[in-house]
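# Fold and geometry: a report
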Amino acid sequence: MPPDHNLDDYVDPYAPGHRHSADGKPGPLRVGLGGPVGSGKTALAAALCRTLGAEYDLAVVTNDIYTTEDADFLRRNAVLPDDRIEAVQTGCCPHTAIRDDITANLDAVELLESRHPGLELVLVESGGDNLTASFSYGLVDAQIFVIDVAGGDKVPRKGGPGVTAADLLVVNKTDLAPMVGADLDVMRRDSAAVRNGKPTHLISLREDPSAATVAEWVREQIRARVLV
Amino acid sequence: MTSALLTLADSRLPAGGHTHSGGVEQAIAAGIVHDPGSLATFLRRRLATSGLVAAGLAAAACGAAAERLAALDDEADARTPSPASRTASRQQGRGLVRVGRRAWPSPLWDALTDRPHHPIALGVAAGAGGLAPRDAASAAAYLSISGPATAAQRLLAMDPLTVAAVTARLSPDVDDVAERAVGELPAATDPLLDLLAEVHAARKDRFFAS
Amino acid sequence: MRTVVQIVARPGPGGRTVLPVVRAGGQLAVRRTGAASVHLVATAFGPLGGDDAEISLVVEEGARLAVRSVAAAIALPSRGEPLPSAQRIRATVAGALDLRLEPTVVAVRAHHQAELTAHLADGAVLTATEQVLLGRSGEEPGRWTGTTRIERAGRPVLHTTVGLGPGEPAWLPPVAPRAYASTVHSAAEGPADDAEVATGEDAVRLPLPGGWVTTAWGTELHRVVGAVDALSPAADLRGTA
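Residues numbered from 1 in each chain as written. Chains lettered and ligands numbered in written order. Predicted model: local features only at pLDDT ≥ 70, side-chain atom pairs only at ≥ 80, totals over all residues. Heavy atoms only, no water.

## Details of the UniProt feature "binding site: GTP" (unreviewed entry) in chain A
Residues and elements named next belong to chain A. How we decide: UniProt positions are given in the numbering used here, feature names are shortened, and annotations may be inferred rather than shown by experiment. Put simply, DSSP marks the helices as runs of H or I at least four residues long and the strands as runs of E at least two long, and each gets a number from the N terminus on. Here the term buried applies to any residue with accessible area under 20% of the maximum for its type, exposed to any over 50%, and partly exposed to those in between, with areas from a 1.4 Å probe on protein chains only. Two residues form a contact once any of their heavy atoms are found within 4.5 Å.
As recorded in UniProt, the sites labelled "binding site: GTP" (unreviewed entry) are Gly35, Pro36, Val37, Gly38, Ser39, Gly40, Lys41 and Thr42. Secondary-structure assignment places Val37 in the loop between β1 (29-34) and α1 (41-52). You can call Val37 exposed: its relative accessible area is 65%. The residues touching Val37, leaving out its near neighbours within four places in the chain, are Gly128 and Asp129. With respect to the helices and strands, the residue Ser39 is situated in the loop between β1 and α1. Excluding anything up to four places from it in sequence, Ser39 contacts Val146, Ile147, Asp148, Asn172 and Lys173.

In structure tokens, the structure reads:
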């Protein structure tokens, strides 16, 4: 017998918007960290863990393409215990795993949530991809796209979903700008032009290893979520 | 047959299948799969063993009551002695339950455990989608080769048209396996697949979860 | 030809095992060869295609039984239409059963079907081995299908069917072995009998609740048996001998 397919008044109890823990509180804020290979996603994740680890109950999911290198880096550099880091295999398709079929990442997030019931923040770091990579909002509540000045100051102008649609665009390695001939003002202006009012932060993890401005943005997202 | 079967067997159904190679990644590492011919052989082998078992379990789970589902989950364990293969099956079962609950809302889902074997979840999904046991068997048999075929295509950079042809030409075998599986709980096993699964699970450098 | 064997092992006085029932008819005879061991002796060539053997083993609580055979069995093809030969072993075990028969050699054009069904009570211990060689020396391989089902307290622990030889769908080059061996051990759940996964070249050991199953395959039977033994925890194999 075919099931009832009246979708008009169907409330999906499992949809992300209805995600609540048993006591009715919203689950942890899930923040996606995406961006091209080498732009500094893992270093930023480590910085956020160090800066926010004392304030929030947090954990990280890594999407290494081939090895557990990123997860291992975080274990060494993020002062995070092993049981707060989960690595997922992405079947040669890091892009698919964060956007089209997010199952493996949801499993990892839910595993961390069940292991740490008080979790307040989960960072989901994508495998290094290209400028078209973006997270599904079924997986994350907010996403940060990380590019670096060494990739050239034309990257913001070229756009792509990562640059234009991410909730926060981070331009990393500003300390390298003079060496690679990148004009930070151009990058700032081009970003503003394509991002429709959404913020862009220019940072150098070498000069500020705490990633203070990005950490503050994450705090705002957590506060906004708790208030809802 | 209804179009629910097409949805269920669609590789784009977000149930986590794309992160599993069904042993192909390790078969490639071991030199067993290296070209379209050896891929076809591997797929036929997988279809005749774990595919047949999955089809039987999925057909039996389609429309089954809670108690029967628990017994079938035990039968799936007994037919899957490899811990790595069990984990892979239960991971994919959980992924299918997650999307299945939302795609085909039904009280049937509540009869399942948190992490059922994939064929059991597949049978329940088929039942919830208004399909028959034979359809569930078809989906299980097809999925036992479609995911591994795609994995091989990615890992070996094979011509996707060739891989599509290899899969399509196995259609009669897929139909035959689905036909034989209904009403039975076959136990066909391939120790080679168990060995590949365990060696693969112990590796740190891998693209796929299984 | 139909062969029937029935053996019941029961605890006797002083902790010894007695065998109140030992029956054999057809192509097998049973000889008691030790305090708690019997040997199956073939009384004819074969089995031939169409032959059917049913071996029933009951080991009651507190009893131990070891079952052996004196020589390899050579499965031969039937003369007329092709029929498989079959051997079904049904074991009901509350004590300890150690079942280790000599290899089965399957001649060209023969198809032998072996089946082991074991119903184990909560405290039962089972060790069972299987050794198969496809084809006699210099001969093309025959076909062998082996099914093992083990239940403990009514729940399935292991259920597998392995098919070897021409016509078996998963016996395909480049992995189409002539020799195959497997040992399964199942005791009541407890750390003493647990075993982790272990792998070798064409050999794998998988854990079972309170035990393990080890399988190996290759071209030469003695090497394959050696590979199984190398991965099988030794202490468990001696447990019931």
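## Overview of the packing of aromatic side chains
Any aromatic ring pair is given by two values, namely how distant the centres are and how the planes are angled relative to each other. Residue and element names in this part refer to chain C. Just so we agree on the cut-off: Any Phe, Tyr or Trp ring, taking Trp's six-membered ring, that has another such ring centre within 6.5 Å forms a pair; planes under 30 degrees apart are called stacked, those over 60 apart edge-to-face, and the others tilted.
Overall, the coordinates contain one aromatic pair over all chains when judged by the stated rule. Measuring from ring centre to ring centre gives 5.6 Å for Trp144 and Tyr180, while their planes differ by 40°; the resulting arrangement is tilted. Of this pair, Trp144 sits in strand β13 (residues 143-152) while Tyr180 sits in strand β15 (residues 179-186), and the two are 36 residues apart along the sequence. Of the residues examined, Trp144 reaches a relative accessible area of 2% and is grouped as buried.

## Brief notes about the arrangement of the chains
The interface with the most contacts, out of two pairs of chains in contact, is the one formed by chains A and B. Between chain A and chain C there is no contact, and the shortest C-alpha to C-alpha distance separating them is 22 Å.

## Notes on the nonpolar core
The test is simple: We call a set of buried residues a nonpolar core when its members are Ala, Val, Leu, Ile, Met, Phe, Trp, Tyr or Cys and they connect through side-chain atoms within 4.5 Å of each other.
Formed by 99 residues in total, the largest nonpolar core has its most connected members in B:Leu8, B:Leu96, C:Leu57, C:Leu65, C:Val67, C:Leu97 and C:Leu99. Sequence-distant contacts of C:Val67, that is, excluding residues within four places in its chain, are made with C:Val38, C:Leu40, C:Leu57, C:Leu97, C:Asp98, C:Leu99, C:Arg100 and C:Leu101. If you look at the next biggest cluster of nonpolar residues, it comprises 32 residues, including A:Leu29, A:Leu80, A:Ile144 and A:Ala215.

## As for the interface of chain C and chain B
To keep it simple, the criterion reads: Here's the idea: put two parts together, see how much 1.4 Å probe accessible area each one loses, and the total over both is what we call buried area. Salt bridge criterion: a side-chain nitrogen from Lys or Arg within 4 Å of a carboxyl oxygen from Asp or Glu.
Contacts between chain C and chain B engage 27 residues on the former and 23 residues on the latter. The contact between chain C and chain B buries some 2100 Å² in all, and 69% of this surface belongs to carbon and sulfur atoms. It is C:His159, C:Ala170 and C:Leu206 that lose the most area in chain C upon contact with chain B, and together they represent 22% of the buried surface on that side. At the surface where chain C touches chain B, the tally comes to two salt bridges. In this structure, B:Asp74 and C:Arg155 form a salt bridge, with 2.8 Å as the shortest nitrogen-oxygen distance.

## Observations concerning the packing of helix α3 (residues 36-61) of chain B against helix α4 (residues 66-78) of chain B
All names here are of chain B. The following threshold applies: Inter-axis angles, ranging from 0 to 180 degrees, are taken between N-to-C directions of lines fitted to C-alpha atoms, where helices are fitted over the stretch in contact. Orientation categories follow fixed angle ranges, with anything under 35 degrees roughly parallel, anything over 145 roughly antiparallel, 65 to 115 roughly perpendicular, and all other angles oblique. In the scheme used here, Gly and all other residues not listed as nonpolar or charged are polar, with Ala, Val, Leu, Ile, Met, Phe, Trp, Tyr, Cys and Pro taken as nonpolar and Asp, Glu, Lys and Arg as charged.
Contact geometry for α3 and α4: axes closest at 10 Å, N-to-C directions at 175°. In terms of orientation, α3 lies roughly antiparallel with respect to α4. Along its contact with α3, which presents Leu57, Ala60 and Ala61, the element α4 presents Arg68, Leu69, Leu72, Glu75 and Ala76. In the contact of α3 with α4, the residues fall into six nonpolar, no polar and two charged.

## Some words on the interface of chain B and chain A
We count it as follows: Polar contact criterion, stated in full: a pair of N or O atoms within 3.5 Å, where within protein one must be able to donate a hydrogen and the other to accept it, and residues adjacent in sequence count only if both atoms are side-chain atoms.
Counting residues at the interface gives 27 residues for chain B, matched by 28 residues for chain A. Of the roughly 2300 Å² buried at the junction of chain B and chain A (both faces included), carbon and sulfur atoms supply 54%. Considering only the side of chain B, the residues that lose the most area to chain A are B:Arg98, B:Arg102 and B:Phe207, jointly responsible for 29% of the buried surface there. The tally of links between chain B and chain A comes to five salt bridges. Notably, a salt bridge pairs A:Asp107 with B:Arg94, separated by 3.0 Å at the nearest N-O pair. If you look at where chain B meets chain A, you find twelve residue pairs in polar contact (both at pLDDT 80 or more). When residues of the side of chain B that touches chain A are assigned to their parent elements, the largest contribution, six residues, is made by helix α5 (residues 83-103) of chain B. In the side of chain B that touches chain A, the residues fall into ten nonpolar, eight polar and nine charged.

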